[in-house]
Amino acid sequence: MEEETTEVEVIAADAPLEDAPIGLQLDEAVDLGSRLLVEAQDLVENLLRPWNFYQICIAIGLFATAHLLRSIFGPRIRKWMASREGWPTWRMRILVVVHRRLRGIFFIVLIWTAVLIMREVTWPSRSYLLGIFAQLATAILVITFVTRLMRSPVLRSITRYGAWIYASLVILNIDDRVGAGLDSIAIELGDSRLSLLLILQGLLVVIALMAMARFVSRSTSTRIQRNQDISPSMRVLVVKGLQVGLYGAALYIGLKAVGVDLTGLAFLSGAIGVGLGFGLQKVVSNLVSGIIILLDKSIKPGDVISLGSTFGWIETLGARYASVVTRDGREYLIPNEDLITNQVVNWSHSNEFVRLDIHFGTAYDDDPHKVRALAIEAAKSVDRVLSHKAPVCHIVGFGDSSVDYILRFWIKDPTGGLTNIRGNVFLALWDVFQENDISIPFPQREIRMLADDANPEETQLTD
């Protein structure tokens, strides 16, 4: 057994690390794990020594004291926070975060106080574990406060737990050995070597750069959206282009920073080309249609459109679809391709004025001149009807039972609805017709009945 071990060690010493077989690297990782297990056993034995055990008990007692202090001062601080109604929102959020971490804050203050006192009255070795506990607790609290600045819950959790693990390894002074163990777990891909340590470093760098790109994108997008000198469609196009550029640059820089060979992206681009030919036609079509819509400015956020039976205003324009919100609160996600290929009615494309028509009829006994005047006055009495674009009323025909009219009026807020304004104008017509004895006739039909005593000779049947 000793000879086999010696032979393996010679091979490992002579062969370069990048040329070593995968199995040999995995054996080294297993050996490292065994050594770490032995060191963990030694650590447990050291913790059970008298003064180390005393320090653990002191830390537990300080934690219990911190828990007691939180139960005493927590309700009082909460009551004091409730009385600060005029404070800004950001200040109240900081107070809420501090209130939730009261136990950790009390524990850090108590344990650092104990460490400083013990270092003055006794040997430093008798407060060594307490110092490690204090550093770990401080690192956890600081990382918790810093990661609260991240709005994404997923990114915040990944960053928080990753930073906790790294800080713990550094404080325990085992980061070099753990790093060597992770680096020993690797596979060979041609001329490149991909280790677990490299993968973790790449993920860390890419996540950090993605977070920075997201922050820059959000802050820049807010400024662009507030710029009234740029049209709404151009704002959306600039924001989308900026986001794609920032995220793409973050991914590229992150992979290059950890030494990933990007020549393999040629194979990836070929695979994407094949995918476009088979199953991504609609995705690319919607993406290109969205870019065309933003460039030609035919549809922009805030426009009121009709597409088939859908009537509403455009809330947002995305890379794949447009969000259309109707009057009943429903949000329709219409693919961009449908907005290009189908007939779309844009009620507010060139201006915000919209003309609506109402058809009605009155009896032949009513004066048509008076009916027209009353109809115009009724339309003007409705709030949303524009007065500077005066309503008009015309006779459009003489029907079987009534004289037919059309009443036309203008509004400038189609987002407020069309059916409701038509209903209000009809109601105003009803009121003014009732006040002036204008009648709306029912359809008239004339029915003739044949006599029952028809001439029998006329109805006689012949064989």
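Just so it is clear, the model here is predicted, and its values are computed rather than measured.

Trainee: Can you break down the environment of serine 71 residue by residue, with the values?
Mentor: Here serine 71 lies in helix 3 (residues 50-82). Classification of serine 71 as partly exposed rests on a relative accessible area of 42%. Through-space distance from the C-alpha of serine 71 to that of leucine 102 is 9.4 Å; in sequence the pair is 31 residues apart. Engagement of the side chain of serine 71 in a polar contact is seen with the backbone oxygen of leucine 68, the distance being 2.6 Å.

Trainee: Summarise the packing of aromatic side chains; cite the residues concerned and give the values.
Mentor: Throughout the structure, instances matching the rule amount to six aromatic pairs. The interplanar angle of 50° and the centroid separation of 6.1 Å between the aromatic rings of phenylalanine 73 and phenylalanine 106 together place this pair among those described as tilted. Within this pair, whereas phenylalanine 73 is found in helix 3, its partner phenylalanine 106 is found in helix 5 (residues 102-121), the two being separated by 33 residues in sequence. Owing to a relative accessible area of 35%, phenylalanine 73 belongs among the partly exposed residues under this scheme. Aromatic pair tyrosine 161 and tryptophan 164: ring centres 5.2 Å apart, planes at 85°, arrangement edge-to-face. One end of the pair, tyrosine 161, and the other, tryptophan 164, are both in helix 7 (residues 153-171), three residues apart, so they sit about a helical turn from each other. Among the aromatic side chains, those forming a connected cluster through ring pairs are Phe360, Tyr405 and Phe433. Directly above the aromatic system of phenylalanine 353 lies the positively charged group of lysine 389, at a separation of 5.4 Å from the ring centroid. One Lys or Arg, lysine 389, reaches over the ring of tryptophan 410 and ends 4.6 Å from the middle of that ring.

Trainee: Help me get a handle on the sheet that holds strand 5 (residues 321-326), residues and values and all.
Mentor: In spatial order, the strands read 6-5-4-3-7; together these five strands make up an open sheet with antiparallel pairing. Edge positions in the open sheet fall to strand 6 (331-335) and strand 7 (345-346), since each of these has one partner strand only. As judged from the five bridges shared by strand 5 and strand 6, these two strands associate in the antiparallel manner. Note on strand 6: the bridge partner recorded for valine 324 is tyrosine 332.

Trainee: Describe the pattern of salt bridges, listing the residues and the values that go with them.
Mentor: Enumeration according to the criterion identifies four salt bridges in this entry. Aspartate 357 is the partner of arginine 408 in a salt bridge, and the nearest nitrogen-oxygen pair spans 3.4 Å. Of this pair, arginine 408 sits in strand 10 (residues 403-411) while aspartate 357 sits in strand 8 (residues 354-362), and the two are 51 residues apart along the sequence. Judged by relative accessible area, which is 27%, arginine 408 ranks as partly exposed. A relative accessible area of 26% means that aspartate 357 is categorised as partly exposed. Across the pair aspartate 413 and arginine 384 runs a salt bridge, and its minimum N-O distance is 3.2 Å. Note that aspartate 413 is positioned in the loop between strand 10 and helix 15 (419-435) and arginine 384 in the loop between helix 14 (368-380) and strand 9 (392-398), a separation of 29 residues in sequence.

Conventions adopted
- Residues numbered from 1 in each chain as written.
- Predicted model: local features only at pLDDT ≥ 70, side-chain atom pairs only at ≥ 80, totals over all residues.
- Heavy atoms only, no water.
- Helix = DSSP H or I, 4+ residues; strand = E, 2+ residues; numbered from the N terminus.
- Buried < 20%, exposed > 50% of the residue type's maximum accessible area, 1.4 Å probe, protein only.
- Polar contact = N/O pair within 3.5 Å; in protein donor to acceptor, adjacent residues only side chain to side chain.
- Phe/Tyr/Trp six-rings, centres within 6.5 Å; stacked < 30°, edge-to-face > 60°.
- Lys NZ or Arg CZ within 6 Å of the ring centre and 35° of its normal.
- Pairing = 2+ DSSP bridges.
- Salt bridge = Lys/Arg side-chain N within 4 Å of Asp/Glu carboxyl O.

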